[in-house]
Amino acid sequence: MALGISNVPVKKQCPYMERCYRKNPIHFNEMLHPHLEKIVLNQLEGEIHLPENLEFECSDRSLLIDQLKILQMVLRKERNKGGSSSSARELNSKVSNMNATGNNQNFKDKVEKHKQATIQKREEKLKTMDQEAEALFNCSKSKIAKMKSEVDDVRRLFDESMEEDSCQDRKRESEGSTSHNESERKKSKSSDVKYNAEDKSTWSRNETVNSIQNSTSSKKTSIIEAFELCNSTKSRNDMRDKALKMLRHQGFEVSLVEPGNFAMKHALSAPYHLFFTRIQKSKETYDQDYSITFPEILDISLGEIACSLHINFMVDVGWLCLQYLLAGQRTDMYILYGDRVDEEKLSSNITMIPVSMPTKFGCHHSKIMILKYKNDGIRVVISTANLYADDWENRTQGLWISPHLPPLADSANPGDGESPTGFKKDFVRYLNKYRQPAITEMVSAVRRADFSDINVFFLASVPGRHTGLELDCWGHKKLGSVLSKHVTLPPDAPRWTLVAQSSSIGSLGPNYESWLQKEITSSMSMEYPTSLKSQPHFQFIYPTVINYKQSFDCRAGSCCLPYGLQTHSKQEWIQKYMCQWKATRTGRNRAMPHIKSYTRLSPDLKRIPWFVLTSANLSKAAWGTVGKDSHYIMNYEAGVVFIPKFIIKKSTFPIQEEEEVPVFPIPYDLPLTPYESGDRPFVTEFFSS
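Residues numbered from 1 in each chain as written. Predicted model: local features only at pLDDT ≥ 70, side-chain atom pairs only at ≥ 80, totals over all residues. Heavy atoms only, no water.

## Let's talk about the overall build of the protein
Turning to step 1, where the next piece is worked out: Scanning the protein from N- to C-terminus turns up 24 helices and 24 strands.
Turning to step 2, where the next piece is worked out: Classification of the 689 residues of the protein by burial places 55% in the buried group.
Turning to step 3, where the next piece is worked out: Of the contacts formed within the protein by residues at least 6 apart in sequence, a portion of 76% connects residues at least 24 apart.
Turning to step 4, where the next piece is worked out: Within the structure as shown, the protein displays about 30100 Å² of accessible surface, and the carbon and sulfur contribution to it stands at 49%. (Helix = DSSP H or I, 4+ residues; strand = E, 2+ residues; numbered from the N terminus. Buried < 20%, exposed > 50% of the residue type's maximum accessible area, 1.4 Å probe, protein only. Contact = heavy atoms within 4.5 Å. Areas by Shrake-Rupley, 256 points an atom, 1.4 Å probe, with all protein chains shown as cover.)

## Looking at the pattern of salt bridges
Opposite charge on two side chains allows them to pair when their charged atoms are near.
Turning to step 1, where the next piece is worked out: The final tally for this structure, using the stated rule, is 14 salt bridges.
Turning to step 2, where the next piece is worked out: Two residues, Lys425 and Asp426, come together in a salt bridge whose shortest N-O distance is 3.2 Å.
Turning to step 3, where the next piece is worked out: For Lys425, a relative accessible area of 46% puts it in the partly exposed group.
Turning to step 4, where the next piece is worked out: For Asp426, a relative accessible area of 4% puts it in the buried group.
Turning to step 5, where the next piece is worked out: Here Lys477 and Asp472 are joined by a salt bridge, their closest N and O atoms 3.5 Å apart.
Turning to step 6, where the next piece is worked out: Several salt bridges converge on common partners, so that one network encompasses Lys425, Asp426, Arg429 and Lys478. (Salt bridge = Lys/Arg side-chain N within 4 Å of Asp/Glu carboxyl O.)

## A few points about unusual backbone geometry
Turning to step 1, where the next piece is worked out: In the segment running from Ala270 into Pro271, the intervening peptide bond is cis, with an omega of 5°.
Turning to step 2, where the next piece is worked out: The omega torsion of the bond from Tyr528 to Pro529 falls at -5°, within 30 degrees of zero and hence cis.
Turning to step 3, where the next piece is worked out: Here Pro529 lies in the loop between helix 19 (513-524) and strand 16 (538-541).
Turning to step 4, where the next piece is worked out: In this structure, Asp376 is a non-glycine residue whose phi angle is positive, near 80°.
Turning to step 5, where the next piece is worked out: Relative to the helices and strands, Asp376 resides in the loop between strand 10 (368-373) and strand 11 (378-383).
Turning to step 6, where the next piece is worked out: Not every positive phi belongs to a glycine, and Arg435 is a case in point at roughly 50°.

## A closer look at the nonpolar core
As a rule of thumb, soluble globular proteins bury nonpolar side chains together.
Turning to step 1, where the next piece is worked out: With 123 residues, the main nonpolar core has Tyr430 and Phe642 as its most contacted residues.
Turning to step 2, where the next piece is worked out: The element that contributes the greatest number of residues to this core is helix 3 (residues 61-80), accounting for seven residues.
Turning to step 3, where the next piece is worked out: The residues touching Tyr430, leaving out its near neighbours within four places in the chain, are Ile311, Ser366, Ile368, Phe458, Ala460, Ser461, Val462, Trp474, Tyr636 and Glu637.
Turning to step 4, where the next piece is worked out: Grouped together as the second largest cluster of nonpolar side chains are 36 residues, Leu298, Tyr324, Ala385 and Trp392 included. (Core = buried A, V, L, I, M, F, W, Y, C linked by side-chain atoms within 4.5 Å.)

## Considerations on the UniProt feature "binding site: substrate" (unreviewed entry) in the protein
Turning to step 1, where the next piece is worked out: UniProt tags Lys367 and Lys596 as "binding site: substrate" (unreviewed entry). For the annotated residues, spread through 230 residues, the largest C-alpha to C-alpha distance comes to 11.8 Å, consistent with a single compact locus.
Turning to step 2, where the next piece is worked out: Among the structural elements, Lys367 can be located in the loop between strand 9 (350-354) and strand 10.
Turning to step 3, where the next piece is worked out: Taking relative accessible area as the criterion, Lys367 reaches 1% and is therefore assigned buried.
Turning to step 4, where the next piece is worked out: Setting aside residues no more than four positions away along its own chain, Lys367 makes contact with Ile311, Asn312, Phe313, Val381, Ile382, Ser383, Thr384, Ala385, Asn386, His594 and Ser615. (UniProt positions renumbered as here; feature names shortened; annotations may be inferred.)

## Describing the environment of Leu325
Turning to step 1, where the next piece is worked out: Position of Leu325 among the secondary structure elements: in helix 14 (residues 317-326).
Turning to step 2, where the next piece is worked out: Each C-alpha atom, one on Leu325 and one on Met239, is 7.3 Å from the other, the two residues being 86 residues apart in sequence.

## A short note on the UniProt feature "active site" (unreviewed entry) in the protein
Turning to step 1, where the next piece is worked out: Here, UniProt's "active site" (unreviewed entry) annotation points to His365 and His594.
Turning to step 2, where the next piece is worked out: Summarising the element assignment, His365 is placed in the loop between strand 9 and strand 10.
Turning to step 3, where the next piece is worked out: Setting aside residues up to four positions removed in sequence, His365 forms contacts with Phe313, Lys596, Ser615, Asn617, Tyr636 and Glu637.
Turning to step 4, where the next piece is worked out: Polar side-chain contacts of His365 include one of 2.9 Å to the backbone oxygen of Ser615.
Turning to step 5, where the next piece is worked out: Position of His594 relative to the elements: it lies in the loop between strand 17 (578-579) and strand 18 (596-601).
Turning to step 6, where the next piece is worked out: Its relative accessible area of 6% is what places His594 among the buried residues.
Turning to step 7, where the next piece is worked out: Beyond its immediate stretch of four places on either side in the chain, His594 contacts Lys367, Thr384, Ala385, Asn386, Asp391, Thr396, Gln397, Ser503 and Cys560. (Polar contact = N/O pair within 3.5 Å; in protein donor to acceptor, adjacent residues only side chain to side chain.)

## Focus on the sheet that holds strand 5 (residues 305-311)
Turning to step 1, where the next piece is worked out: Judged by pairing direction, the sheet is mixed, and its eight strands sit side by side in the order 4-3-12-11-10-5-7-9 without closing on themselves. Edge strands, defined here as strands with exactly one partner in the open sheet, are strand 4 (291-292) and strand 9.
Turning to step 2, where the next piece is worked out: Judged from the five bridges that link them, strand 10 and strand 11 form a sheet pairing that is antiparallel. Its bridge partner lying in strand 11, Lys372 is registered against Ile378.
Turning to step 3, where the next piece is worked out: Relative to strand 10, helix 17 (residues 440-447) is tilted by about 75°, and along the sheet it contacts strand 5, strand 10 and strand 11. (Pairing = 2+ DSSP bridges. Axes fitted to C-alpha atoms, helices over the stretch in contact; angles between N-to-C directions.)

So, in C-alpha cells, the structure goes:
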C-alpha cells in the first residue's frame, strides 16, 4: 500500500533545470524539464537525435541522451493515455502549439502513424506475455488512482475515528464526575507518564482530538497529522487496530505480524542478525526466521522509541509515519534524504534535511536508521531499501539490525564502548561527514553508547577525493583493508569465486581489466597474509529481461533496476560474467533484487569467507576509483561486512547445514545460473520497446 499522497500533483519545474542529473522515471513523471521537452516533443517515436547546437550548457552528452530517452518514454505514455492528467494536457497543449507554428500536418501524420504502429506492436507483444504484465504499459494512471483511493480511505478512517472518539468523550463527560475528570487532567499534565498510566488514560488523546476538530472542522487529517496526534499508547493502539480493519475491509494487502514479539525473533537471529524483507505475494516468506516487515523494526518489544534518525535516498514521509502508527510508536524524527517522493505537510515532530551533493553525478544512496529508546539505549539498522511502499512490499531487500546498545556510564572515557571491529569509530566518522547541526544530539547518543556487542564492520562511502589517513577509510579501499587484516583463505583461494550482486550497474570501462579487475576484484581478493595468488573467477548476478517479465515488479508496472541501454551498449563484455536472478529456495524468485551483496564461494558451494551487505551498486561512483595517492568517490553508501572470526570464531561461514554453527543466509540460489545465449540484462528501455 502506497499511502501519503492526497491528490495527483501538478508537475512542478525541476529545481536543478539544466543541471539535473536524475535518470529515474519517477523524477521525470513528477517534474518538468523544459530544456529537455523542447528536444523530445517532436521526437516521441524512434531514436532521439540531438541538435547540432544546444541552447544550454551540456558537460555530459551520454547523461543527456539517457535523460531524453526516459523523458521520451514518460511523455509518450502521457500522450497515449488520452490527456487525462495535468501533465498529459500540458503535453498535448505543447504538441498543438508546435502544430500551429510549422511542420503542422507532417508532425501530426507522423505522430498518428507511429501511434497506430505502436498500438499494433503492443497488442502483439501482450498476447505472448504473461497476463500479469498487461498493466506494464498503462498502469501509471490506475496506480495513482489506487494510491489516491487508499489515502482517501485511510484519511476518512482518521476522521471517523476522531468523530467517534469525540462523541464518546462528550458522553463520558456528561456521565462522569468532575473529580474524575480533574484527576485525569492532572495525570495528562505529567511529562513523565509511565507506560501503564498511558494505557489507562485517554484524556490527553481526547483533549487533543477535540481541539483539532474545533480548529479544523472542515479539514481532513493526514497520516502525518495522525502520527503527531497519537501521543499515548492507547491512542496509537486504537488507531492501529482501526487502520488495519479499514485497510483489510477495503481489500488492501496488509503484510504485518502481531506486535510485541520481534525482540525474541531478533535474539534468535544471532549471531548474524541478518534479515530479508517479507514478500507480500510470496506466502512462503511469511514464516521464515529471517523475514521482516518494516513495523517489526520499530516493534514495541525492542523498546519505546524516543527519537529516530533516518538516512536514506528516496523517502515517502506519509508512508513512513504509517509504519510507526502500525508499530504503535510515535517519536520525534529526523530524516536526511536525497529525494522526497511525497508532498504532505510536515508535523512539528518531523525534521527533513536534504543532503546536497558536491557533484551532480553523485547520489545520497545510504540507507541507515538509528533508533534511540526512552531508556537512552540505541539501535542501528543498515538496510538496502528506500523508505517508500514499493521497496518494502515485493522486492528482495536486506537488513542488518544491531543488538541493543546501552548507554555507557557517565564516567566512561571517549574511547570506551568500542566493538572489536571498530564499528563505533567508523560510524561516528561517517556521521560527522554530514556536518549537520540537526543530528548533533543523535551523534552524541552514538558516542555515549556501548558498541561492544557488535560483531560486524561498518563499510561506507562518502563523496570526495580521499588521501593520507583517510585513503583506506572508504569504499573498496576500506573493504580491501578489512579483508587484508582479518580473512585467511585456503591454498586453493583462486578457485573461490567472487560473486557480486546489485540492482544497477555503472559505467565500468571498455573491458573487465580497466576497473573491475584492477580495483574491485583486486580489493575483494585481499587476505591475510598478503600473497601473490592469482585473482578469482568473477560472477555478477543481475536480472535478465525474462527475470523481470516474470516478476512482481512487472505485474505492478514498477521497476527498481535503473540500468540504461546507453551504458550497457558500451560494456556488453559484462554479459560474459552475468548470472540470472534465481531465488526459489528463499521464496523470492519473482521479487526483484534491490539488495546489494558481495562474497566469495568455495568450490563445493558450502562455505564463504566473508559477506558484504550494502547499498553500493557495482559502480565507480559507489565504490570509488584510485588515482595517484588518492581515492575518489561520488556517492554516499553504507553497508556492513561479516567476517567469520569475529562472529563464529572460524575462518569461514557455512551456507549449508552444519552441526553447531548456524547457516549464514544468502538470498539467491546456488549453483548460480549463467546467462544463456538468448538472455539479455534488463535495461530501462524495456518500457519503450
